[in-house]
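Chain residues, written in single-letter form:
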Amino acid sequence: MSCPEDLVAHMRRVLVAERDLHDLGMTWRWIESSAAISCPREAAPILPILEGTRTRFESMQARLIAQMADETLAQLSDDLGAKARCAIDILVRNLYERTADVGFLATDDRVRAFCAAPLAQRQTEQAAMQARLCEYQRKYSVYDDIVLCSPSGEILLRLSGDAAPHTQDPIVAEALAAPAHVERFGPSDLAAPGEAAALCYAHRIQSPQGAVLGVLVLRFRFADEMLRLFAEAGGRQQVALMLLDPAGRVIASNDEAHVPLGVHLACAEVGGVQLINFAGREYLGLACRGTPYQGYPGPTGWRAVAMVSLLTAFSARTADDGQQDDVAQGAMAHAELLAIRDDADAINRDLRRVVWNGRLMARGEHDDRLRLNAVLRQVAEAGVRTRARVEQAIQDIGHTALARGRQRAQELGRLMSDILDRNLYERANDCRWWALSPVLRQALAQDEREAARPAMTAVLEHINRLYTVYSRLVVFDAQGVIQAHSGEAPPGALVGQAVPEALRRQVQALSSSQAYAVTAFEDTPWHAHGPTYTYLAAVRDPVDERRIVGGIAIVFHAERELRAILQDILGDRPGLAAFVDAQGRVLAHAGTAEPAPVLTGFEGDQAIVAHGDTQFLCARVTGRGYREFRQTDGYDHGVRVVVGLLLGTVERRRRAYSDAALKPPTLRADSRSRELAIFQVGAGCYALPSQALVEARTTQGLVSPPQGQEARVGLLEVEGAAGARLVHVLCARRLFGVSYAPRAGDGTVLVLRHPGQADLPVLGLKVDDVLSVADIDPRDLGQAPAGFRHFAPWVTHLLRCDTAWGEPLLVQLLSPEVLLAQAGLDVGLRPDPVVLADPVPVSAGALAGA
């Protein structure tokens, strides 16, 4: 997503970074100019590098600011998109269930008989029919009215009790003409008092022979449901959430005082963040259409929109909600961010090499050396400031990226949890409603039930064909003997078998038609697809409601349905999602990774979790229930959702000592300083006397040798007083036993001079990076322990340095003569030991402490 320039003016963090980086760019111009003026001859070798550094920095600055702006806008897009998608996607899934409900209830034998009966009979049966539909509404509490109409629109029965004898709502004629359900939202005389519009579902009622008897209309609690959805979408109070119809009119709003119902909102159909003008103000908004579910797309043309004022869209956004993770691991998965960091590292490596080489060659006249050293100090200081500010900007982007990832994982988990609770809410409704089937009640109330088994089986098979989320439906009598069932087994295969005693007791303990029971998530012989939930309801005597004559058990196809919920929401995002119970057991999972315990058992609600060499940004979400389900009905399945989004491969970065300046001991007033060139190899810090070195070079031009050359890594052509010559290059990592791989940018060759001929380069030493050239007092050097000579004979002394991060560091001083001997070069000289005023031994304990 590319951020328009006019939006950057509202992004304070981006503007601050842009100002700071611009100031650093001016600093580099000033250093370049002052070097060319104050010491043109001495600075001539480094001026092209300074000019190149400035040019590269300006390019990197533009990319960094653009990336920061894009990431800030993307975070807003994620926030608005998550809220809009949550509202519309959950609504679509909810309304899909309504299309099944109206079709099933329209085939109810009691409803058919009532609509087919003459007026006098209907008046007699009015109370019983009213009670039956009231039972339905108590269980399917998403409806606030149920209406039975004649084909002409005459109201035969209405649950709300409104007195209008006839309806003019077009949904009646539409239902009569349609082969299936009809869905309609708009002005209606069936709307609730005080509401101008209603969302209704209707289905033609016909006899088994096909004769049209009437129309069933279910009125959905639309306003109530949207309030729940908007509340669940949550987030900042400044965000306005709306539902729009195909004409762009607002049909639901989370703040009607701000965005009233019926107003027209001019926004694009769908897409990314867009500028919306409303009521004389500018907003940033995002529109989403619902994701189709089981082929059902939702009401035609409906869109959810989330928008926030342009003035506050970015002001309340923080980098990472106060959480300060190390983004060097997780947030660096972004390719552009990695490229920017690599460029910054490359610039700083070049600058360190310039300063390093500058210090090595600053051995001319005193004034010239002072002027050059002054320029080099400015370059070094500007390099540190540049690195720090660029790193801060990268960290800022990284924290924003992590915040986006956290938000995304949290929103996905919440959506999965909400959909799970709504799904299981329907299961609790289904078992209680089907337990009221007149066929089942009458059959189980009889002493002789065998003759009624075909009718019971037909009811169960009909239900199971319509509701495929169940693998089996089982009906049993009060003694726990199965009388009929549907599902995969041959017809009647389970008849006569006893249900588990625990299930029978659970059913017998149910106190009313509103009560239900659920088994633990466990294996059952009625289901061949792993552990699952079985929902239970009591079947009661049709005459004496207090007498339980049996029960119905509906077996949820958990393995398929739970995985489908996870997969539908996770989509093609790399990572995993799982439903996990209170004991940490995985009930179902989906995605590209297996839900290992480390990914489901982390502490807290969110964490960055490493599994092998891969990192995941994990979130754990606990559902809140839906309506009465898990809120007032006394049931709680205890299931949590765990989402783990792939961050990338763990980078085993060792600390780079170039990240902060080393602080050698302060020189004493009477000291005769000695100059050491300090560099890094792996996690170790080393030094060579500066007079033993010619320069530090890149690895460009290094020619690899045949295999089996031990520490030698190749030949490099270097310039000497007598012209170019090839020198062997030793790998310090191999020599020092550093086994892990270097970072991508590591690799600098130190060129050593001949001890007896200063202008003759004789050996290259490939190290990870150069750090600094420091003046030290020889009295601060400690003698290396005697044991070193057995495994590291090239280490002669140790220097304890402080660091900017507060931890002491031991710098190991190397003998150039021993290194030359390791390369097989006999220069005819013995090692020249460092002369100490008072040799200071270094103990193993001191080494461990450092």
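Residues numbered from 1 in each chain as written. Predicted model: local features only at pLDDT ≥ 70, side-chain atom pairs only at ≥ 80, totals over all residues. Heavy atoms only, no water.

Asker: Can you break down the sheet that holds strand E18 (residues 575-580) residue by residue, with the values?
Answerer: Within the open sheet, the five strands sit side by side as E19-E18-E22-E21-E20. Their pairing is antiparallel. Every other strand in the sheet has two partners, leaving strand E19 (586-591) and strand E20 (606-611) as the edge strands with one partner each. Between one strand axis and the next, the sheet turns through 25 degrees on average, direction left out of account. As judged from the five bridges shared by E18 and E19, these two strands associate in the antiparallel manner. Its bridge partner lying in E19, Leu576 is registered against Gly591. Relative to the sheet, helix H14 (residues 558-570) contacts E18, E19 and strand E22 (640-649), its axis offset from that of E19 by approximately 35 degrees. (Pairing = 2+ DSSP bridges. Helix = DSSP H or I, 4+ residues; strand = E, 2+ residues; numbered from the N terminus. Axes fitted to C-alpha atoms, helices over the stretch in contact; angles between N-to-C directions. Contact = heavy atoms within 4.5 Å.)

Asker: Describe the pairing of strand E33 (residues 795-803), with residues and values.
Answerer: The sheet contact formed by strand E23 (residues 662-663) and E33 spans two bridges and is antiparallel. When the sheet's bridge partners are listed, Lys663 is paired in E33 with Asp802. Inspection of the sheet shows strand E32 (residues 781-783) paired to E33 by three bridges, in the antiparallel sense. Across the sheet, the residue bridging to Gln783 is His797, located in E33.

Asker: Pulling in residues and values, what's your account of the sheet that holds strand E26 (residues 693-697)?
Answerer: Spatially, five strands are ordered E26-E29-E30-E28-E27 in an open sheet, and the strand pairing comes out mixed. Both edges of this open sheet fall to E26 and strand E27 (712-720), since each of them pairs with a single strand only. The sheet shows a mean angle of 30 degrees between the axes of neighbouring strands, taken without regard to direction.

Asker: Now, about the packing of helix H5 (residues 109-116) against helix H6 (residues 119-139): what can you tell me, with residues and values included?
Answerer: Axis separation between H5 and H6 bottoms out at 10 Å; the angle between their running directions is 150 degrees. As summarised for this structure, H5 and H6 are arranged roughly antiparallel, according to the angle between their axes. In the crossing of H5 with H6, the sense of the turn from one axis to the other is left-handed. Only Arg122, Glu125, Gln126, Met129, Arg132 and Leu133 of H6 make contact with H5, whose side of the interface consists of Arg110, Val111, Phe114 and Cys115. Looking at side-chain class alone, the contact of H5 with H6 contains five nonpolar, one polar and four charged residues. (Parallel < 35°, antiparallel > 145°, perpendicular 65-115°, else oblique. Left-handed = near helix turned anticlockwise from the far one by under 90°. Nonpolar A, V, L, I, M, F, W, Y, C, P; charged D, E, K, R; others polar.)

Asker: Talk me through empty space enclosed by the protein; I want residue IDs and the actual numbers.
Answerer: Counted according to the given criterion, the structure contains three cavities of 30 Å³ or more. Approximately 130 Å³ is the volume attributed to the largest cavity. Lining of the largest cavity is provided by Ile90, Arg93, Asn94, Glu97, Arg98, Tyr293, Ile419, Arg422, Asn423, Glu426 and Tyr626. It is helix H4 (residues 47-105) that contributes the most residues to the lining of the largest cavity, five residues altogether. Looking at the lining of the largest cavity, its residues break down into four nonpolar, two polar and five charged. (1 Å grid on protein atoms, 1.4 Å probe; cavity = no way out; pocket = protein on both sides within 12 Å on 5 of 7 lines; lining within 4 Å. Points joined across faces, edges and corners; volume = space filled by probe spheres on them.)

Asker: Explain the packing of aromatic side chains residue by residue, including any values.
Answerer: Under the counting rule described, the total for this entry stands at 21 aromatic pairs. Residues Phe104 and Trp434 carry aromatic rings whose centres are separated by 6.2 Å and whose planes lie at 70 degrees to one another, so their mutual orientation is edge-to-face. Here Phe104 is found in helix H4, whereas its partner Trp434 is found in helix H10 (residues 366-434), with 330 residues between them in sequence. Each member of the pair, Phe104 as well as Trp434, carries the same accessibility label: buried. Taken together through their ring pairs, the aromatic side chains of Phe104, Trp434, Tyr467 and Tyr470 make up a single cluster. Of note, Arg620 hangs over the ring of Phe602, and the distance from its end group to the ring centre comes to 4.2 Å. (Phe/Tyr/Trp six-rings, centres within 6.5 Å; stacked < 30°, edge-to-face > 60°. Buried < 20%, exposed > 50% of the residue type's maximum accessible area, 1.4 Å probe, protein only. Lys NZ or Arg CZ within 6 Å of the ring centre and 35° of its normal.)

Asker: So, the side chain of Arg404: which residues are in play, and what are the values?
Answerer: With respect to the element layout, Arg404 can be found in helix H10. For Arg404, a relative accessible area of 16% gives the class buried. Setting aside residues up to four positions removed in sequence, Arg404 forms contacts with Glu71, Ala74, Gln75 and Asp78.

Asker: Any chance you could break down the pairing of E18 for me, citing the residues and the numbers?
Answerer: The element E18 is extensively covered by neighbouring structure, given that six of its six residues are classed as buried. Sheet topology note: the E18/E22 ladder contains six bridges and is antiparallel. Along E22, the bridge assignment pairs Phe579 with Val641. Hairpin connection between E18 and E19: a loop of five residues separates the two successive antiparallel strands, and Gly584 in this loop has a positive phi of roughly 90 degrees.

Asker: Explain the confidence of the model for the protein chain to me, using residue names and the numbers behind them.
Answerer: Confidence in the prediction for the protein chain averages 86 pLDDT; 91% of positions are at 70 or higher. Segment residues 319-332 is flagged for pLDDT under 50; beyond a separation of four residues in sequence, or across chains, it makes 40 contacts in the model. A low-confidence stretch, residues 829-850 (pLDDT under 50), is modelled with 35 contacts involving residues beyond four sequence positions or located in other chains. (pLDDT = per-residue confidence, 0-100.)

Asker: Quick one: what's the story with helix H12 (residues 453-466), residue by residue and with numbers?
Answerer: Two residues of an α-helix separated by three or four positions point the same way, owing to the 3.6 residues in each turn. With 14 residues, H12 extends 20 Å from end C-alpha to end C-alpha; this agrees with the ideal 20 Å at 1.5 Å per step. Among all positions of H12, only Met456, Val459, Leu460, Ile463 and Asn464 are buried. Buried residues in H12, looked at end-on, bunch into an arc of 130 degrees, giving them a common side. Exposed and facing more than 90 degrees away from the buried side of H12 are Pro454 and Arg465. (Expected span 1.5 Å × (residues − 1). Arc of directions from axis to C-beta.)

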